[in-house]
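Residue-level listing of the chains:
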Amino acid sequence: MSYWLMKSEPDEFSIDDLARAPGKSTPWFGVRNYQARNYMRDAMRVGDGVLFYHSSCAVPGIAGIAKVASAAHPDETQFDRKSPYFDPKSSRDSPRWELVDVKLVKKTRLLSLEELRGHPDISDMVVLRRGNRLSITPVTPGEWKFVTELLARDAR
DNA sequence: GCCAACGTTGGC
DNA sequence: GCCAACGTTGGC
């Protein structure tokens, strides 16, 4: 079992959108970065833990807990000419972009980026590193434990 | 809107 | 394969 942090812009797809989605599950569409794709295609397994992160918004941070809910499969938006994620260089025969489905476990309070930076225990998190732009980053078991226990404590 | 950081593209 | 130019991300 592995752990991940996945960024989404809430204006496009928020934790509430995930909660409203059929089965509280969604294909993680729109990733157009090879490293992030490779994590989904090659490294993720059904049941892996996901920290759902809101980026490019007023208060960026972790907004909920989710889990990987499918094996990798092609991102349909790459074939859709009307989609902003359309990729003319991809084809049905050899799809360039793959994704996994992500299912909500629970919405949490917003654990802001600012607050994350204030905890020395998780100061090495990839998402906190200077210049980090990757939309999917690995989370260590220790980081996962710290963050989920922090959120569980606050939920009581 | 700014801009640091970094990924991608394409000429050579 | 190098690397300059360009595009994107994302916090601020």
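Above: the structure in question.
Small disclaimer: the values here were computed from a predicted structure and weren't measured. (Residues numbered from 1 in each chain as written. Chains lettered and ligands numbered in written order. Predicted model: local features only at pLDDT ≥ 70, side-chain atom pairs only at ≥ 80, totals over all residues. Heavy atoms only, no water.)

Topic: the overall build of chain A
1) Next: Along its length, chain A carries 4 helices and 8 strands.
2) Next: A compact globule built from 156 residues should have a C-alpha radius of gyration of about 15 Å, and chain A, at 15 Å, falls within 12% of that.
3) Next: Taken along the three principal axes of its C-alpha coordinates, chain A extends 45 × 30 × 30 Å.
4) Next: Buried residues in chain A amount to 46% of all 156 residues.
5) Next: Sequence separation of 24 or more characterises 73% of the internal contacts of chain A that already satisfy a separation of 6 or more. (Helix = DSSP H or I, 4+ residues; strand = E, 2+ residues; numbered from the N terminus. Rg over C-alpha atoms; globule rule 2.2 N^0.38 Å. Buried < 20%, exposed > 50% of the residue type's maximum accessible area, 1.4 Å probe, protein only. Contact = heavy atoms within 4.5 Å.)

Observations concerning helix H4 (residues 141-155)
1) Next: Its 15 residues place the ends of H4 21 Å apart at the C-alpha level, agreeing with the 21 Å of an ideal helix rising 1.5 Å per residue.
2) Next: Among the residues of H4, those classed as buried are Glu143, Trp144, Val147, Thr148, Leu150 and Leu151. Axial view of H4: buried residues confined to an arc of 155 degrees, hence all on one face. (Expected span 1.5 Å × (residues − 1). Arc of directions from axis to C-beta.)

Section: the environment of Leu134
1) Next: With respect to the helices and strands, the residue Leu134 is situated in the loop between helix H3 (113-117) and strand S8 (136-139).
2) Next: Exposure remark for Leu134: the relative accessible area of 13% places this residue in the buried category.
3) Next: When the C-alpha atoms of Leu134 and Gly118 are compared, they prove to be 21 Å apart, with 16 residues separating the residues in sequence.
4) Next: Excluding residues within four positions of it along the chain, Leu134 makes contact with Lys7, Asn33, Gln35, Ala36 and Tyr39.

Brief notes about the nonpolar core
1) Next: Judged by nonpolar contacts, the single largest core of 22 residues is most densely connected at Met6, Trp28, Met40, Met44 and Ile136.
2) Next: Contributing elements (two or more residues each) for this core: strand S1 (3-8), helix H1 (15-20), helix H2 (34-43), strand S3 (49-54), strand S4 (61-68) and strand S7 (101-112).
3) Next: When sequence neighbours within four positions are dropped, the list of residues in contact with Ile136 reads Trp4, Leu5, Met6, Trp28, Val31, Ala36, Tyr39, Met40 and Met44. (Core = buried A, V, L, I, M, F, W, Y, C linked by side-chain atoms within 4.5 Å.)

Focus on the pairing of S7
1) Next: Two elements, strand S2 (residues 25-27) and S7, share 3 bridges in a ladder whose sense is antiparallel. Bridge pairing in S7 links Ser25 to Lys103.
2) Next: Summarising the sheet, S4 and S7 pair through 7 bridges and their orientation is antiparallel. Looking across to S7, one finds that Lys67 is bridged to Lys103. (Pairing = 2+ DSSP bridges.)

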